[in-house]
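Listed below are the residues making up each chain.
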Amino acid sequence: MAGRGASVSYREVLGQHAIAISTSESPDMSALGLSDEHLRDAMAEIARHLLALGARLVYGGDLRAHGFSELLFELVARHRRDADDEDDRPGVINYLAWPVHIQMSVADIEKAVSDLAGTAELICLTLDGTRQSLEVRKQLPQQQPDDAQWSSGLTAMRHMMRAETQACIVLGGRVDQFEGAMPGIAEEALLSLQVRQPLFVMGGFGGCARDIAETLTLVKPWTTPRPAWPGRQDFEAFTAADLNNGLTPEENATLARTPHVDQAITLILRGLMNVASPLP
């Protein structure tokens, strides 16, 4: 499917794109008649399609077993990024914020880097969000970060992700028991809105993404009370027009409520193509 007025292929467009994906467990899956596996499957299908069309995926996650980082690594190992022969960049870039990697042993970091060689790139960041070489990291003592370091380190990582990506997709997301100034999905989405980076809000799996869609008036409010979370009021300064993602208001409303992954993928690809080839 080509975008409005598009004369280029998906691969020509997406081969130049690094796309951030932000997700975490959603507390609303059972209420929506879905299971946690539906969210993992959605993440996997979106990633698989983007990789197959040449995009690079950027994620800011930890390396815990059975987490979403591991899911992306397994996916890119099975489905090689379809890129030009001279483009040997990895399909997945996983940023490790300072408060994440400073808790890890150097041996564990080195093993992860070695295991992922050729498929994914792990990038350690300093507390202010700049890249940190493994050699420099080896000189630092393993330690437990405090609350202030969690907040500043995660925010710095998300600023880095915005600077090095061309679009962001958010889905699911917990709104409690998080580290940092606000839920991770919320901060990544808010930074995208603030710099007018194309943002795709998939609210059909509930969680933080659904709350963002509601605040942007893309979906009707829940009929039951929702837990409050810090930073939600910041989204009141924006509307669906600020998503800047190449979709019409009606298409964004559909993306914000559908649990059907094929429909969501179609809309995301349409938006990316329309942003690349806007109407004259």
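These figures come from a predicted structure and were not determined experimentally.

This part covers the environment of Thr-130. Relative to the helices and strands, Thr-130 is located in the loop between strand E4 (120-125) and strand E5 (131-132). Spatially, the C-alpha atom of Thr-130 lies 9.7 Å from that of Trp-98, the residues being 32 residues apart in sequence. Discounting chain neighbours no more than four positions away, the residues touching Thr-130 are Cys-124, Leu-125 and Met-160.

Volume-wise, the largest pocket comes out at about 580 Å³. Going through the elements one at a time, strand E1 (18-24), helix H3 (68-78), helix H7 (147-163) and helix H8 (184-194) are the ones with two or more residues in the lining of the largest pocket. Split into classes, the residues belonging to the lining of the largest pocket amount to 10 nonpolar, 10 polar and seven charged.

With that out of the way, let us pick up the sheet that holds strand E2 (residues 56-59). Overall, mixed pairing links the seven strands, which are arranged E5-E4-E3-E2-E1-E6-E7 in an open sheet. A single partner strand is all that each edge strand has here, and the edge strands are E5 and strand E7 (199-202). Relative to strand E6 (residues 167-172), E1 runs parallel, the two being bridged by six bridges. Note on E6: the bridge partner recorded for Ser-22 is Val-170. On top of the sheet, H7 reaches E1, E2, strand E3 (92-96), E4, E5 and E6; it is set at about 155 degrees to E3, its chief contact. Contacting E1, E6 and E7, helix H11 (residues 261-276) crosses the sheet at an angle of about 170 degrees to E7.

Turning next to H3. Along H3, the positions that sit buried rather than exposed are Phe-68, Ser-69, Leu-71, Leu-72, Phe-73, Leu-75 and Val-76. Turning to H3, the residues buried within the fold contact E1, helix H2 (36-52), E2, E3, helix H5 (106-116) and E4.

Following both chains from N to C, one finds H2 and H11 inclined at 40 degrees, their axes separated by 10 Å at the closest point. Relative to H11, the element H2 lies oblique. For H2 against H11, the interelement crossing comes out right-handed. Touching Ala-42, Glu-45, Ile-46, His-49 and Leu-50 of H2 are Val-261, Ile-265, Leu-269 and Leu-272, all from H11. Looking at the contact of H2 with H11, its residues break down into seven nonpolar, one polar and one charged.

Of all the six residues making up E6, six are buried; the element is thus mostly covered by neighbouring parts of the structure. Where E6 and E7 come together, four bridges link them in parallel fashion. Note on E7: the bridge partner recorded for Leu-171 is Met-202.

Our next topic: the pattern of salt bridges. Counted according to the given criterion, the structure contains 15 salt bridges. Two residues, Arg-158 and Glu-187, come together in a salt bridge whose shortest N-O distance is 2.6 Å. On the criterion of sequence distance, the pair formed by Arg-158 in helix H7 and Glu-187 in helix H8 is long-range, its members being 29 residues apart. One exposure class covers both Arg-158 and Glu-187, and it is buried. One salt bridge in this structure joins Asp-211 and Arg-232, with 3.9 Å as the shortest N-O distance.

Rules behind the numbers
- Residues numbered from 1 in each chain as written.
- Predicted model: local features only at pLDDT ≥ 70, side-chain atom pairs only at ≥ 80, totals over all residues.
- Heavy atoms only, no water.
- Helix = DSSP H or I, 4+ residues; strand = E, 2+ residues; numbered from the N terminus.
- Contact = heavy atoms within 4.5 Å.
- 1 Å grid on protein atoms, 1.4 Å probe; cavity = no way out; pocket = protein on both sides within 12 Å on 5 of 7 lines; lining within 4 Å.
- Points joined across faces, edges and corners; volume = space filled by probe spheres on them.
- Nonpolar A, V, L, I, M, F, W, Y, C, P; charged D, E, K, R; others polar.
- Pairing = 2+ DSSP bridges.
- Axes fitted to C-alpha atoms, helices over the stretch in contact; angles between N-to-C directions.
- Buried < 20%, exposed > 50% of the residue type's maximum accessible area, 1.4 Å probe, protein only.
- Parallel < 35°, antiparallel > 145°, perpendicular 65-115°, else oblique.
- Left-handed = near helix turned anticlockwise from the far one by under 90°.
- Salt bridge = Lys/Arg side-chain N within 4 Å of Asp/Glu carboxyl O.

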